Amino acid sequence: MIKTDILIIGAGPVGMFAVFEAGLLKLHCHLIDALAQPGGQCSEIYPKKPIYDIPGYPEVLAGELIDNLAEQIKPFEPGYTLGERAETIEKLEDGTFLVTTNKGTEHNAPVIFIAGGLGSFEPRKPPIPGIANYEDNGVEYIIRDPEVYRDKRVVIAGGGDSALDWSIFLADVASEVSLVHRRNEFRGALDSVEKVAELAKLGKINMITDAEVKEIHGNGKVESLGIKHKTDGDFVKETDHFIPLFGLSPKLGPIGDWGLEIVKNAIVVNNALDYQTNIPGVFAIGDVNTYPGKLKLILCGFHEATIAVQYAYNIINPGKRYVMKYTTVNGVTGFDGETKKAEAAVVKSIG
Amino acid sequence: MSDVNIKITDREGVVHDIQAPTDMAMNIMEVVRAYELAPEGTIGICGGMAMCASCQCYVLSDHELPEMGIDEDMMLAEAFYVEDNSRLGCQIAITPELEGLEIELAPESES
């Protein structure tokens with residue numbers, strides 16, 4: 001079991017910054033995220049988009065901001081459980097919480113921070129009648145083990161990087177790869193588009209453009225797909241697997257069943273005091289929370305993280321007094337004992 | 001400094017007569033959010049960067065709208081429930097030219 005002081009659910013920018021503020025108070029953090037890498041939306045949806053309202057940065061790419069936050073929190077040695085979704089929460093007899101992921105990893109902490117942004121990212125599922133009946137029976141939204149497709153017939157749908165990259169990869173694994181896309185143009189990286197075109201010329205990828213998968217047929221398992229082509233009309237394509245790769249969409253997910261007060265898909269917190277939820281010891285910070293006057297901005301989440309950490313300290317260290325200190329005065333001391341501090345001469349010249 | 005009148009059909013089929021300001025740098029997606037015509041978390045997920053299609057709408061009137069940019073075009077290539085008159089609300093700024101515009105919100109994509 002993983003034990004920590006503050007268990008942070010959501011490794012987006014706000015969850016990451018909470019690690020820094022907690023570290024200043026000598027509190028250890030562990031982060032859980034459904035995505036395979038930290039950064040939340042900033043890494044997953046718009047890493048190359050500039051952000052203009054981070055104080056001190058006239059302009060910063062979302063991906064760069066995440067890289068900088070990772071660097072900033074490194075001295076505080078956060079732990080990570082990535083690629084897993086926080087599934088259940090249980091209050092133990094000693095007053096701490098047990099949080100278990102969908103893969104069964106157990107975490108124990110006296111304080112929980114929910115920094116889940118818009119929620120956990122789930123695959124976007126195309127509106128094909130009965131598709132749910134074939135999930136894990138030939139329909140997969142995420143490729144976990146490419147060997148599953150060895151010597152099988154595969155149809156991939158989508159026009160972005162995932163669809164292109166997996167088509168390229170599976171061209172050497174599957175017996176037949178077809179890529180179905182509604183347009184002739186693709187949204188992915190240019191070299192991936194060119195590689196797919198090259199493999200199509202060599203007959204290793206069967207490109208079906210201007211077309212959409214509209215039906216799934218099979219007896220308990222995918223056997224064929226009904227495809228609608230813009231100009232050539234409808235036809236049936238036999239296959240063993242159908243892999244729709246249309247990106248991810250955020251959903252609040254299992255957190256919604258934890259007994260938290262939720263209004264309009266967001267967790268209600270006490271913003272007059274500490275950003276705590278209706279469950280004592282469970283805080284919610286960033287885009288996942290709501291209160292009168294809430295603004296869903298990264299910088300507001302940073303503020304909420306800072307305030308919440310101060311109150312979490314009191315829960316973790318009851319009876320101990322803590323006085324907020326400035327990093328300009330005390331520097332930053334990591335858990336390895338190394339301190340970053342202004343040089344004495346500089347301090348003296350200011351004084 | 002004037003408002004424009006826009007008819008928006010929500011996902012339940014209810015028609016709303018909306019007055020949208022032309023002097024606040026808003027777009028259709030933001031107007032839909034401001035008037036709470038779709039549940040929180042179901043529209044404008046990417047914040048208005050044409051990187052999700054949660055604000056997809058069907059343009060029902062004959063208004064001349066801003067030309068579709070590459071980001072919007074490519075996003076619609078991957079979205080669901082796309083029709084010939086589909087646009088992303090986040091890419092349509094509220095201007096005086098939109099007076100009388102009629103749109104319908106596309107269904108929410110299930111995930």
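Chain B has the name Ferredoxin in an unreviewed UniProt entry, where Urechidicola croceus is given as its organism.

As annotated in an unreviewed UniProt entry, chain A carries the name Ferredoxin--NADP reductase and comes from Urechidicola croceus. Recorded under Subunit (unreviewed entry), the UniProt text for chain A is reproduced unchanged: "Homodimer." According to UniProt, the comment filed for chain A under the heading Catalytic activity (unreviewed entry) is "2 reduced [2Fe-2S]-[ferredoxin] + NADP(+) + H(+) = 2 oxidized [2Fe-2S]-[ferredoxin] + NADPH".

Chemist: What is the right way to read the overall build of chain B from this model?
Modeler: A tally of regular secondary structure across chain B gives two helices and five strands. In chain B, the succession of helices and strands from N to C terminus is β-β-α-β-α-β-β. Relative to the compact-globule value of 13 Å for 111 residues, chain B shows a C-alpha radius of gyration of 13 Å, a close match. Principal-axis analysis of the C-alpha atoms places the extent of chain B at approximately 40 × 30 × 25 Å. Total accessible area on chain B stands at roughly 5300 Å², and carbon and sulfur atoms take up 47% of it. On chain B, the mean spot of the 4 positive side-chain charges and the mean spot of the 23 negative ones are 3 Å from each other.

Chemist: Can you walk me through the nonpolar core in this structure?
Modeler: Burial of nonpolar side chains together is a common tendency in soluble globular proteins. Residues I6, I8, I51, F113, I114 and I285 of chain A are the most contacted members of the largest nonpolar core, which totals 62 residues. Elements supplying a minimum of two residues to this core: β2 (6-9), α1 (13-24), β3 (29-33), α3 (62-73), β8 (97-101), β10 (111-114), β22 (282-284) and α6 (298-316) of chain A. With eight residues, the top contributor of residues to this core is α6 of chain A. Those residues in contact with I285 of chain A that sit more than four places away from it in its chain are V14, A18, F113, I114, A115, Y275, E304, A305 and A308 of chain A. Counting residues in hydrophobic clusters, the runner-up holds 30 residues, among them I18, M29, A53 and C90 of chain B.

Chemist: What is the right way to look at the pairing of strand β7 (residues 86-91) of chain A in this model?
Modeler: Look at any regular strand and the pattern is simple: side chains alternate between the two faces of the sheet. All names here are of chain A. Looking at chain direction, β7 and β8 are connected through five bridges and run antiparallel. Its bridge partner being in β8, T88 is matched across the sheet by T100. Two successive antiparallel strands, β7 and β8, enclose a turn made up of five residues, where G95 displays a positive phi of approximately 90 degrees.

Chemist: Explain helix α5 (residues 190-201) of chain A here, please?
Modeler: Given 3.6 residues per turn, any residue in an α-helix points the same way as the ones three and four places further on. Residue and element names in this part refer to chain A. Look at α5: 17 Å from first C-alpha to last across 12 residues, which is about the 16 Å you get at 1.5 Å a residue. Within α5, the full set of buried residues consists of S192, V196 and L199. Buried residues of α5, viewed axially, fall in a sector of 65 degrees; they line one side. Across from the buried face of α5, at angles greater than 90 degrees, the exposed residues are L190, D191 and K201. Along its buried surface, α5 packs onto α4 (161-170), β13 (176-181) and β14 (206-209).

Chemist: Hey, could you run me through the interface of chain A and chain B in this one?
Modeler: Chain A puts 28 residues into the contact, and the matching count from chain B is 23 residues. Between chain A and chain B, a total of about 2300 Å² is buried, with carbon and sulfur atoms accounting for 54% of that surface. A per-residue breakdown of the area chain A buries against chain B is headed by R124, R182 and R187 of chain A, which together make up 27% of the total. Run the count over chain A and chain B and you get six salt bridges. For K251 of chain A, the salt bridge identified is with E108 of chain B, shortest N-O distance 3.5 Å. Taken together, the connections running from chain A to chain B amount to 10 residue pairs in polar contact (both at pLDDT 80 or more).

Chemist: What am I meant to see in the sheet that holds strand β12 (residues 153-157) of chain A here?
Modeler: Within a beta sheet, neighbouring strands are joined by backbone hydrogen bonds and run either parallel or antiparallel to one another. Residue and element names in this part refer to chain A. The four strands are arranged β14-β13-β12-β18 in an open sheet whose pairing can be described as parallel. The open sheet has two edge strands, β14 and β18 (241-244), and neither has a second partner. Here the average twist between neighbouring strands, direction ignored, is 20 degrees. As paired strands, β12 and β18 are joined by four bridges and run parallel to one another.

Chemist: Would you mind going over the UniProt feature "binding site: FAD" (unreviewed entry) in chain A with me for this structure?
Modeler: All names here are of chain A. Mapped onto the present numbering, the UniProt feature "binding site: FAD" (unreviewed entry) falls at D33, Q41, Y46, A86, F121, D287 and T328. What stands out for the annotated residues spanning 296 residues is how far apart their C-alpha atoms range, the widest pair being 37.7 Å apart. In this structure, Q41 sits in helix α2 (residues 40-44). Since its relative accessible area comes to 15%, Q41 is described here as buried. Excluding anything up to four places from it in sequence, D287 contacts Q41, G117, K294, K296 and L297.

Chemist: What is the right way to look at the UniProt feature "domain: FAD/NAD(P)-binding" (unreviewed entry) in chain A in this model?
Modeler: The positions that UniProt labels "domain: FAD/NAD(P)-binding" (unreviewed entry) are, in the present scheme, residues 5-292 of chain A. Taken end to end, residues 5-292 of chain A is 18% helix and 33% strand, and its two terminal C-alpha atoms sit 29 Å from one another.

Chemist: Would you mind showing me how to read the pairing of β10 of chain A here?
Modeler: Residues and elements named next belong to chain A. Along β10, one buried face is formed by V111 and F113 and the opposite face, lined by I112 and I114, is buried too. With four bridges joining them, β2 and β10 adopt parallel strand pairing. The partner of L7 across the bridge, within β10, is I112. Both β10 and β22 contribute to a ladder of three bridges, which runs parallel. Bridge pairing links F113 to F283 in β22.

Here is what the cut-offs are and how they apply
Residues numbered from 1 in each chain as written. Chains lettered and ligands numbered in written order. Predicted model: local features only at pLDDT ≥ 70, side-chain atom pairs only at ≥ 80, totals over all residues. Heavy atoms only, no water. UniProt positions renumbered as here; feature names shortened; annotations may be inferred. Helix = DSSP H or I, 4+ residues; strand = E, 2+ residues; numbered from the N terminus. Rg over C-alpha atoms; globule rule 2.2 N^0.38 Å. Areas by Shrake-Rupley, 256 points an atom, 1.4 Å probe, with all protein chains shown as cover. Lys, Arg positive; Asp, Glu negative; His and termini not counted. Charge placed at Lys NZ, Arg CZ, Asp CG, Glu CD. Core = buried A, V, L, I, M, F, W, Y, C linked by side-chain atoms within 4.5 Å. Buried < 20%, exposed > 50% of the residue type's maximum accessible area, 1.4 Å probe, protein only. Contact = heavy atoms within 4.5 Å. Pairing = 2+ DSSP bridges. Expected span 1.5 Å × (residues − 1). Arc of directions from axis to C-beta. Buried area = accessible area lost by both parts, 1.4 Å probe. Salt bridge = Lys/Arg side-chain N within 4 Å of Asp/Glu carboxyl O. Polar contact = N/O pair within 3.5 Å; in protein donor to acceptor, adjacent residues only side chain to side chain. Axes fitted to C-alpha atoms, helices over the stretch in contact; angles between N-to-C directions.

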